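Architecture and fold: a report
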Amino acid sequence: MSESLGLITFYVFATIAGIQVLYYLVFFSRVAFYRRKFESDGTPENPFSLIICAKNEELNLQKNLPTVLQQRYGSIQQPDYEVIVVNDNSEDDTKYYLRSIETGYPHYRHIELKQAAKFIPGKKYPLSIGIKGAQHEHVLLTDADCRPASVNWLSIMSQGFRDGKEIVLGYGPYHKKPGFLNKVIRYETAFSALQYLSFAMAGIPYMGVGRNLAYKKDLFFRNKGFTNHQHLASGDDDLFVNSAGNARNVAVVIDKQAFTYSEPKTNWSRWFRQKTRHMSTGKHYRFGHKVLLGLFSLTHFLFYPAFIVSLFYQPLMQYVLAVFGAKMLIQSVIFFFALRKLDEADLFKFSWLMDIFMCLYYIIFTPALFFKTKNHW
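In this text the structure is predicted, and so the values were computed from the model without any measurement.

So, on to the overall build of the protein chain. When helices and strands are tallied, the protein chain shows 12 helices and nine strands. The principal-axis extent of the C-alpha atoms belonging to the protein chain is close to 80 × 45 × 40 Å. Here the protein chain, with 377 residues, has 53% of them falling under the buried criterion. For the protein chain, the exposed area adds up to about 17,300 Å²; of that, 59% sits on carbon and sulfur atoms.

Each regular strand shows side chains that alternate between the opposite faces of the sheet. Across six bridges, strand S2 (residues 81-88) lies against strand S3 (residues 108-113) in parallel orientation. By the bridge assignment for S3, Val83 is matched with Tyr108. Between S2 and its parallel partner S3, the chain crosses via helix H3 (residues 94-100), and the hand of that crossover is right-handed.

As a further point, take the side chain of Ser155. Among the structural elements, Ser155 can be located in helix H5 (residues 153-158). Under the relative-accessibility criterion, Ser155 is labelled buried at 2%. Not counting residues up to four positions away in its chain, the partners in contact with Ser155 are Glu39, Ser40, Gly42, Arg72 and Tyr73.

Before going further, it helps to examine the sheet that holds strand S6 (residues 167-169). The mixed open sheet is built from seven strands, whose spatial order is S3-S2-S1-S4-S7-S6-S8. What marks the edges here is a single partner per strand, and that holds for S3 and strand S8 (250-252). Each strand of the sheet is rotated relative to its neighbour by a mean of 20°, with strand direction disregarded. With seven bridges joining them, strand S1 (residues 48-54) and S2 adopt parallel strand pairing. Across the sheet, the residue bridging to Leu50 is Val83, located in S2.

Summed over the entire model, instances satisfying the criterion amount to 12 salt bridges. When the shortest N-O distance is used, the salt bridge between Arg109 and Glu82 registers 3.1 Å. In this pair, Arg109 is assigned in strand S3 and Glu82 in strand S2, connecting sequence segments 27 residues apart. Here Lys275 ties to Glu188 by a salt bridge, and the two come within 3.0 Å at their closest N and O atoms. With a gap of 87 residues between them, Lys275 in helix H9 (residues 268-279) and Glu188 in helix H6 (residues 180-201) connect regions that are remote in the sequence. Per residue, the accessibility class of Lys275 equals that of Glu188, and both read buried.

Here the focus is the pairing of strand S7 (residues 213-216). One ladder, built from four bridges, connects strand S4 (residues 138-143) with S7; its direction is antiparallel. Each bridged residue has a counterpart across the sheet, and for Val139 the counterpart in S7 is Tyr215. Where S6 meets S7, three bridges bridge the pair, whose relative direction is antiparallel. Looking at S7, one finds that Leu169 is bridged to Leu213.

Further remarks concern the packing of aromatic side chains. In this description, an aromatic ring pair is defined by two values, namely the gap between the centres and the angle between the planes. Applying the stated criterion across every chain yields a total of 41 aromatic pairs. Judged by centre distance (5.2 Å) and plane angle (90°), the rings of Phe28 and Phe296 are edge-to-face. With Phe28 in helix H1 (residues 3-32) and Phe296 in helix H10 (residues 287-310), this residue pair connects regions lying 268 residues apart in the sequence. Residues Phe28 and Phe296 agree in their burial class; the two are buried. A centroid spacing of 5.2 Å and a plane angle of 80° characterise the contact between Phe336 and Phe348, whose relative ring orientation is edge-to-face. Of this pair, Phe336 sits in helix H11 (residues 317-341) while Phe348 sits in the loop between H11 and helix H12 (351-365), and the two are 12 residues apart along the sequence.

Quick look at the packing of H1 against H11 now. Helices that pack against each other are described as a pair by the angle of their axes relative to one another and the distance between those axes. For the pair H1 and H11, the least separation of the axes is 10 Å and the interaxial angle reads 20°. Looking at the two axes, H1 sits roughly parallel to H11. For H1 against H11, the interelement crossing comes out left-handed. Listed contacts from H11 to Phe10, Phe13, Ala14, Ala17, Gln20, Val21, Tyr24, Leu25, Phe28, Ser29, Val31 and Ala32 of H1 are Tyr319, Val320, Val323, Phe324, Lys327, Ile330, Gln331, Ile334, Phe335, Phe337, Ala338 and Lys341. For the contact of H1 with H11, the class distribution of residues is 19 nonpolar, three polar and two charged.

About the thresholds
Residues numbered from 1 in each chain as written. Predicted model: local features only at pLDDT ≥ 70, side-chain atom pairs only at ≥ 80, totals over all residues. Heavy atoms only, no water. Helix = DSSP H or I, 4+ residues; strand = E, 2+ residues; numbered from the N terminus. Buried < 20%, exposed > 50% of the residue type's maximum accessible area, 1.4 Å probe, protein only. Areas by Shrake-Rupley, 256 points an atom, 1.4 Å probe, with all protein chains shown as cover. Pairing = 2+ DSSP bridges. Right-handed = clockwise from strand over helix to strand, strands pointing away. Contact = heavy atoms within 4.5 Å. Axes fitted to C-alpha atoms, helices over the stretch in contact; angles between N-to-C directions. Salt bridge = Lys/Arg side-chain N within 4 Å of Asp/Glu carboxyl O. Phe/Tyr/Trp six-rings, centres within 6.5 Å; stacked < 30°, edge-to-face > 60°. Parallel < 35°, antiparallel > 145°, perpendicular 65-115°, else oblique. Left-handed = near helix turned anticlockwise from the far one by under 90°. Nonpolar A, V, L, I, M, F, W, Y, C, P; charged D, E, K, R; others polar.

Written out as C-alpha coordinates, the structure is:
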(Lines give C-alpha, C1' and ligand atoms only; values in the text may rest on other atoms or scores of the structure.)
Protein backbone atom coordinates (compact mmCIF):
# COMPACT_ATOMS: atom_id res chain seq x y z
CA MET A 1 0.00 0.00 0.00
CA SER A 2 1.40 3.43 -0.96
CA GLU A 3 2.13 6.04 1.69
CA SER A 4 -0.64 8.41 0.55
CA LEU A 5 -3.24 5.65 0.40
CA GLY A 6 -2.08 4.34 3.77
CA LEU A 7 -2.51 7.78 5.35
CA ILE A 8 -5.96 8.16 3.83
CA THR A 9 -7.13 4.78 5.13
CA PHE A 10 -5.77 5.61 8.59
CA TYR A 11 -7.48 9.01 8.71
CA VAL A 12 -10.74 7.49 7.53
CA PHE A 13 -10.52 4.79 10.19
CA ALA A 14 -9.62 7.31 12.91
CA THR A 15 -12.54 9.52 11.89
CA ILE A 16 -14.97 6.60 12.01
CA ALA A 17 -13.64 5.54 15.42
CA GLY A 18 -13.82 9.14 16.67
CA ILE A 19 -17.47 9.48 15.66
CA GLN A 20 -18.29 6.23 17.42
CA VAL A 21 -16.51 7.37 20.58
CA LEU A 22 -18.47 10.63 20.53
CA TYR A 23 -21.77 8.73 20.45
CA TYR A 24 -20.70 6.59 23.39
CA LEU A 25 -19.45 9.52 25.47
CA VAL A 26 -22.10 12.11 24.60
CA PHE A 27 -25.15 9.84 24.41
CA PHE A 28 -24.80 6.25 25.59
CA SER A 29 -22.96 7.12 28.80
CA ARG A 30 -26.24 8.67 30.02
CA VAL A 31 -27.77 5.21 30.36
CA ALA A 32 -24.57 3.65 31.71
CA PHE A 33 -24.32 6.19 34.54
CA TYR A 34 -28.02 6.80 35.10
CA ARG A 35 -28.48 7.74 38.75
CA ARG A 36 -32.13 8.66 39.29
CA LYS A 37 -33.73 6.83 42.21
CA PHE A 38 -37.43 5.99 42.59
CA GLU A 39 -39.63 5.19 45.56
CA SER A 40 -41.04 1.67 45.27
CA ASP A 41 -43.84 2.38 47.74
CA GLY A 42 -44.53 6.02 47.03
CA THR A 43 -47.94 7.61 47.50
CA PRO A 44 -49.89 7.72 44.21
CA GLU A 45 -49.67 11.16 42.63
CA ASN A 46 -52.09 10.65 39.75
CA PRO A 47 -54.77 8.06 38.98
CA PHE A 48 -53.84 5.87 36.01
CA SER A 49 -55.44 3.90 33.22
CA LEU A 50 -53.45 0.80 32.19
CA ILE A 51 -54.32 -0.28 28.66
CA ILE A 52 -53.64 -3.59 26.93
CA CYS A 53 -54.73 -4.48 23.40
CA ALA A 54 -55.24 -8.19 22.81
CA LYS A 55 -55.83 -10.24 19.69
CA ASN A 56 -55.99 -14.01 20.25
CA GLU A 57 -54.02 -13.66 23.48
CA GLU A 58 -55.95 -15.89 25.88
CA LEU A 59 -52.92 -17.80 27.16
CA ASN A 60 -50.74 -14.71 27.52
CA LEU A 61 -53.49 -12.87 29.37
CA GLN A 62 -53.98 -15.77 31.78
CA LYS A 63 -50.27 -15.71 32.54
CA ASN A 64 -49.56 -11.98 32.69
CA LEU A 65 -52.75 -10.03 33.38
CA PRO A 66 -52.95 -10.93 37.12
CA THR A 67 -49.61 -9.16 37.73
CA VAL A 68 -50.97 -6.05 36.00
CA LEU A 69 -54.14 -6.19 38.07
CA GLN A 70 -52.23 -6.59 41.34
CA GLN A 71 -50.07 -3.47 41.18
CA ARG A 72 -49.47 -1.64 44.46
CA TYR A 73 -50.98 1.73 43.66
CA GLY A 74 -53.44 3.05 46.18
CA SER A 75 -55.06 0.76 48.72
CA ILE A 76 -55.88 -2.89 48.15
CA GLN A 77 -59.56 -2.14 48.67
CA GLN A 78 -59.49 0.93 46.42
CA PRO A 79 -56.69 0.88 43.80
CA ASP A 80 -55.93 4.27 42.28
CA TYR A 81 -55.87 2.87 38.75
CA GLU A 82 -57.99 1.01 36.26
CA VAL A 83 -57.01 -1.74 33.84
CA ILE A 84 -58.62 -1.79 30.39
CA VAL A 85 -58.17 -4.72 28.03
CA VAL A 86 -59.32 -4.09 24.47
CA ASN A 87 -60.23 -7.39 22.82
CA ASP A 88 -59.60 -6.83 19.12
CA ASN A 89 -61.79 -9.36 17.30
CA SER A 90 -60.11 -12.38 18.89
CA GLU A 91 -61.02 -15.76 17.44
CA ASP A 92 -59.86 -17.80 20.43
CA ASP A 93 -61.44 -17.82 23.91
CA THR A 94 -60.02 -14.47 24.96
CA LYS A 95 -63.44 -12.93 25.51
CA TYR A 96 -64.51 -15.74 27.86
CA TYR A 97 -61.41 -15.35 30.00
CA LEU A 98 -61.84 -11.56 30.15
CA ARG A 99 -65.45 -11.99 31.25
CA SER A 100 -64.56 -14.62 33.86
CA ILE A 101 -62.34 -12.29 35.92
CA GLU A 102 -64.67 -9.28 36.01
CA THR A 103 -66.07 -10.00 39.47
CA GLY A 104 -62.65 -10.43 41.06
CA TYR A 105 -61.23 -7.05 40.11
CA PRO A 106 -63.45 -3.98 40.50
CA HIS A 107 -60.77 -1.78 38.89
CA TYR A 108 -60.79 -3.88 35.71
CA ARG A 109 -62.96 -3.74 32.60
CA HIS A 110 -62.67 -4.86 29.01
CA ILE A 111 -63.87 -3.54 25.68
CA GLU A 112 -65.05 -5.93 22.96
CA LEU A 113 -64.37 -4.97 19.35
CA LYS A 114 -66.44 -7.04 16.95
CA GLN A 115 -65.57 -5.31 13.72
CA ALA A 116 -62.16 -4.34 12.36
CA ALA A 117 -61.47 -0.77 11.27
CA LYS A 118 -60.99 -0.57 7.51
CA PHE A 119 -57.73 0.96 6.31
CA ILE A 120 -56.28 1.12 9.87
CA PRO A 121 -54.10 -1.99 10.24
CA GLY A 122 -52.37 -3.13 13.40
CA LYS A 123 -53.47 -2.17 16.88
CA LYS A 124 -53.82 1.58 16.41
CA TYR A 125 -57.61 1.49 16.24
CA PRO A 126 -58.13 -0.72 19.33
CA LEU A 127 -55.52 1.29 21.21
CA SER A 128 -57.27 4.53 20.27
CA ILE A 129 -60.56 3.08 21.54
CA GLY A 130 -58.88 2.12 24.80
CA ILE A 131 -57.37 5.58 25.28
CA LYS A 132 -60.64 7.27 24.41
CA GLY A 133 -62.46 5.12 26.97
CA ALA A 134 -59.86 5.67 29.70
CA GLN A 135 -61.21 7.41 32.80
CA HIS A 136 -57.91 8.98 33.77
CA GLU A 137 -55.54 11.50 32.20
CA HIS A 138 -52.41 9.39 32.62
CA VAL A 139 -52.24 6.15 30.63
CA LEU A 140 -49.67 3.36 30.83
CA LEU A 141 -49.40 0.91 27.95
CA THR A 142 -48.12 -2.63 27.74
CA ASP A 143 -48.81 -5.77 25.68
CA ALA A 144 -50.65 -8.97 26.50
CA ASP A 145 -47.42 -10.97 26.32
CA CYS A 146 -45.65 -8.66 28.80
CA ARG A 147 -45.25 -9.32 32.50
CA PRO A 148 -44.30 -6.47 34.88
CA ALA A 149 -41.12 -7.21 36.81
CA SER A 150 -42.80 -6.32 40.10
CA VAL A 151 -45.97 -5.02 41.74
CA ASN A 152 -44.23 -1.62 41.88
CA TRP A 153 -44.10 -1.19 38.09
CA LEU A 154 -46.95 1.35 37.92
CA SER A 155 -45.80 3.25 41.01
CA ILE A 156 -42.28 3.73 39.64
CA MET A 157 -43.35 4.56 36.09
CA SER A 158 -45.81 7.15 37.45
CA GLN A 159 -42.95 9.09 39.04
CA GLY A 160 -41.62 9.91 35.59
CA PHE A 161 -44.44 12.43 35.12
CA ARG A 162 -42.97 14.87 37.59
CA ASP A 163 -41.73 18.30 36.45
CA GLY A 164 -44.35 18.65 33.74
CA LYS A 165 -43.38 15.58 31.69
CA GLU A 166 -46.01 14.20 29.31
CA ILE A 167 -44.29 11.03 28.02
CA VAL A 168 -42.44 8.42 30.07
CA LEU A 169 -40.23 5.86 28.34
CA GLY A 170 -39.65 2.54 30.08
CA TYR A 171 -37.70 -0.57 29.14
CA GLY A 172 -39.16 -3.88 27.98
CA PRO A 173 -36.54 -6.68 27.90
CA TYR A 174 -37.04 -10.31 26.94
CA HIS A 175 -36.83 -13.32 29.24
CA LYS A 176 -33.51 -15.11 29.41
CA LYS A 177 -33.53 -18.48 27.65
CA PRO A 178 -30.83 -20.86 26.47
CA GLY A 179 -29.47 -20.58 22.94
CA PHE A 180 -27.71 -18.11 20.67
CA LEU A 181 -30.92 -16.64 19.23
CA ASN A 182 -32.05 -15.57 22.70
CA LYS A 183 -28.75 -13.78 23.27
CA VAL A 184 -29.06 -12.03 19.91
CA ILE A 185 -32.63 -10.90 20.65
CA ARG A 186 -31.78 -9.65 24.11
CA TYR A 187 -28.60 -7.91 22.96
CA GLU A 188 -30.36 -6.19 20.06
CA THR A 189 -33.15 -5.10 22.41
CA ALA A 190 -30.66 -3.68 24.92
CA PHE A 191 -28.65 -2.05 22.12
CA SER A 192 -31.79 -0.38 20.80
CA ALA A 193 -32.78 0.76 24.30
CA LEU A 194 -29.31 2.18 24.85
CA GLN A 195 -29.94 4.42 21.87
CA TYR A 196 -33.53 5.59 22.35
CA LEU A 197 -33.23 6.06 26.13
CA SER A 198 -29.94 7.96 25.92
CA PHE A 199 -31.15 10.14 23.05
CA ALA A 200 -34.26 10.99 25.07
CA MET A 201 -32.11 11.96 28.06
CA ALA A 202 -30.10 14.19 25.73
CA GLY A 203 -33.31 15.97 24.69
CA ILE A 204 -33.73 14.11 21.38
CA PRO A 205 -36.54 11.60 21.95
CA TYR A 206 -37.21 9.62 18.78
CA MET A 207 -39.02 6.45 19.87
CA GLY A 208 -40.44 4.36 22.68
CA VAL A 209 -41.70 0.78 22.92
CA GLY A 210 -45.35 -0.09 23.50
CA ARG A 211 -44.36 -2.82 25.93
CA ASN A 212 -43.64 -0.13 28.51
CA LEU A 213 -44.76 3.37 27.60
CA ALA A 214 -46.83 6.04 29.33
CA TYR A 215 -48.20 9.40 28.26
CA LYS A 216 -51.00 11.83 28.94
CA LYS A 217 -54.35 11.37 27.29
CA ASP A 218 -54.47 15.08 26.48
CA LEU A 219 -51.18 14.84 24.60
CA PHE A 220 -52.56 11.97 22.54
CA PHE A 221 -55.58 13.97 21.38
CA ARG A 222 -53.63 17.22 20.90
CA ASN A 223 -51.48 15.34 18.40
CA LYS A 224 -54.56 13.77 16.76
CA GLY A 225 -53.64 10.31 17.95
CA PHE A 226 -52.25 8.10 15.20
CA THR A 227 -53.86 10.01 12.32
CA ASN A 228 -50.58 10.88 10.58
CA HIS A 229 -49.51 7.24 10.31
CA GLN A 230 -52.70 5.24 10.79
CA HIS A 231 -52.16 3.51 7.43
CA LEU A 232 -49.08 1.73 8.86
CA ALA A 233 -49.42 -1.48 10.87
CA SER A 234 -46.62 -0.56 13.27
CA GLY A 235 -45.59 2.75 14.79
CA ASP A 236 -48.24 3.08 17.51
CA ASP A 237 -45.33 3.54 19.92
CA ASP A 238 -42.23 4.86 18.16
CA LEU A 239 -43.91 7.10 15.58
CA PHE A 240 -46.17 8.64 18.22
CA VAL A 241 -43.19 9.45 20.44
CA ASN A 242 -41.29 10.68 17.39
CA SER A 243 -44.01 13.20 16.56
CA ALA A 244 -45.24 14.17 20.05
CA GLY A 245 -41.99 14.07 22.02
CA ASN A 246 -39.61 16.98 22.47
CA ALA A 247 -36.68 18.03 24.63
CA ARG A 248 -38.95 19.20 27.47
CA ASN A 249 -41.82 16.73 27.75
CA VAL A 250 -40.14 13.28 27.78
CA ALA A 251 -38.78 11.45 30.84
CA VAL A 252 -36.92 8.16 31.10
CA VAL A 253 -37.43 5.57 33.85
CA ILE A 254 -34.74 2.92 34.28
CA ASP A 255 -35.44 0.71 37.28
CA LYS A 256 -35.38 -3.08 37.35
CA GLN A 257 -38.68 -3.15 39.24
CA ALA A 258 -40.31 -1.15 36.45
CA PHE A 259 -39.31 -3.35 33.49
CA THR A 260 -41.86 -5.42 31.59
CA TYR A 261 -40.60 -8.81 30.40
CA SER A 262 -41.78 -10.55 27.23
CA GLU A 263 -41.33 -14.00 25.76
CA PRO A 264 -38.77 -13.85 22.92
CA LYS A 265 -39.24 -15.40 19.51
CA THR A 266 -38.07 -19.00 19.36
CA ASN A 267 -36.96 -19.22 15.74
CA TRP A 268 -35.02 -16.98 13.39
CA SER A 269 -37.77 -16.52 10.79
CA ARG A 270 -40.30 -15.17 13.30
CA TRP A 271 -37.75 -12.79 14.76
CA PHE A 272 -36.78 -11.69 11.26
CA ARG A 273 -40.40 -10.85 10.41
CA GLN A 274 -40.83 -8.97 13.69
CA LYS A 275 -37.68 -6.87 13.20
CA THR A 276 -38.47 -6.18 9.56
CA ARG A 277 -41.86 -4.81 10.56
CA HIS A 278 -40.37 -2.66 13.31
CA MET A 279 -37.51 -1.38 11.16
CA SER A 280 -39.89 -0.32 8.41
CA THR A 281 -41.17 2.56 10.54
CA GLY A 282 -37.73 4.17 10.71
CA LYS A 283 -38.12 5.90 7.38
CA HIS A 284 -40.98 7.93 8.87
CA TYR A 285 -38.86 9.47 11.64
CA ARG A 286 -37.97 13.15 11.63
CA PHE A 287 -35.11 14.02 9.28
CA GLY A 288 -32.74 15.01 12.09
CA HIS A 289 -33.35 11.74 13.89
CA LYS A 290 -32.65 9.76 10.72
CA VAL A 291 -29.37 11.64 10.25
CA LEU A 292 -28.19 10.97 13.82
CA LEU A 293 -29.20 7.32 13.77
CA GLY A 294 -27.91 6.81 10.24
CA LEU A 295 -24.50 8.30 11.05
CA PHE A 296 -24.09 6.03 14.05
CA SER A 297 -25.18 2.92 12.13
CA LEU A 298 -22.97 3.75 9.15
CA THR A 299 -19.84 4.33 11.25
CA HIS A 300 -20.63 1.25 13.33
CA PHE A 301 -20.90 -0.83 10.16
CA LEU A 302 -17.68 0.60 8.65
CA PHE A 303 -15.54 0.43 11.80
CA TYR A 304 -14.29 -3.16 11.46
CA PRO A 305 -13.73 -3.12 7.67
CA ALA A 306 -11.84 0.19 8.00
CA PHE A 307 -9.75 -1.28 10.81
CA ILE A 308 -8.79 -4.33 8.73
CA VAL A 309 -7.87 -2.24 5.70
CA SER A 310 -5.79 0.15 7.83
CA LEU A 311 -3.70 -2.73 9.15
CA PHE A 312 -2.21 -3.24 5.68
CA TYR A 313 -0.16 -0.06 6.04
CA GLN A 314 2.64 -1.26 8.29
CA PRO A 315 4.24 2.12 9.26
CA LEU A 316 1.06 3.23 11.05
CA MET A 317 0.02 -0.12 12.48
CA GLN A 318 0.81 0.87 16.07
CA TYR A 319 -1.40 3.96 15.72
CA VAL A 320 -4.17 1.90 14.15
CA LEU A 321 -4.05 -0.54 17.06
CA ALA A 322 -3.99 2.34 19.54
CA VAL A 323 -7.12 3.90 18.02
CA PHE A 324 -8.85 0.53 17.90
CA GLY A 325 -7.93 -0.25 21.51
CA ALA A 326 -9.06 3.15 22.80
CA LYS A 327 -12.41 2.92 21.03
CA MET A 328 -13.07 -0.61 22.23
CA LEU A 329 -12.04 0.26 25.80
CA ILE A 330 -14.43 3.22 25.99
CA GLN A 331 -17.20 1.18 24.36
CA SER A 332 -16.65 -1.76 26.72
CA VAL A 333 -16.70 0.36 29.88
CA ILE A 334 -19.94 2.08 28.87
CA PHE A 335 -21.50 -1.19 27.73
CA PHE A 336 -20.56 -2.89 30.99
CA PHE A 337 -22.42 -0.36 33.12
CA ALA A 338 -25.30 0.06 30.65
CA LEU A 339 -26.00 -3.68 30.50
CA ARG A 340 -26.01 -3.80 34.30
CA LYS A 341 -28.55 -0.98 34.40
CA LEU A 342 -30.74 -2.89 31.91
CA ASP A 343 -30.42 -6.18 33.83
CA GLU A 344 -28.50 -7.80 30.97
CA ALA A 345 -25.07 -8.08 32.63
CA ASP A 346 -24.63 -11.69 31.49
CA LEU A 347 -24.43 -10.46 27.88
CA PHE A 348 -21.27 -8.43 28.48
CA LYS A 349 -18.93 -11.37 27.86
CA PHE A 350 -20.49 -11.70 24.40
CA SER A 351 -20.51 -7.96 23.65
CA TRP A 352 -17.55 -7.92 21.25
CA LEU A 353 -18.97 -10.85 19.29
CA MET A 354 -22.41 -9.23 19.24
CA ASP A 355 -20.88 -5.93 18.17
CA ILE A 356 -19.46 -7.63 15.09
CA PHE A 357 -22.77 -9.44 14.55
CA MET A 358 -24.52 -6.05 14.39
CA CYS A 359 -22.67 -5.39 11.13
CA LEU A 360 -24.50 -8.36 9.64
CA TYR A 361 -27.69 -7.06 11.28
CA TYR A 362 -27.42 -3.81 9.32
CA ILE A 363 -26.99 -5.70 6.04
CA ILE A 364 -30.05 -7.86 6.73
CA PHE A 365 -32.49 -5.26 8.04
CA THR A 366 -31.54 -1.96 6.40
CA PRO A 367 -33.54 -2.86 3.24
CA ALA A 368 -36.68 -2.77 5.43
CA LEU A 369 -36.26 1.01 5.49
CA PHE A 370 -36.87 1.17 1.76
CA PHE A 371 -39.46 -1.49 1.06
CA LYS A 372 -43.11 -1.73 2.00
CA THR A 373 -44.07 -4.36 4.57
CA LYS A 374 -47.30 -6.20 5.20
CA ASN A 375 -49.89 -4.31 7.22
CA HIS A 376 -50.90 -6.67 10.01
CA TRP A 377 -50.00 -7.23 13.64
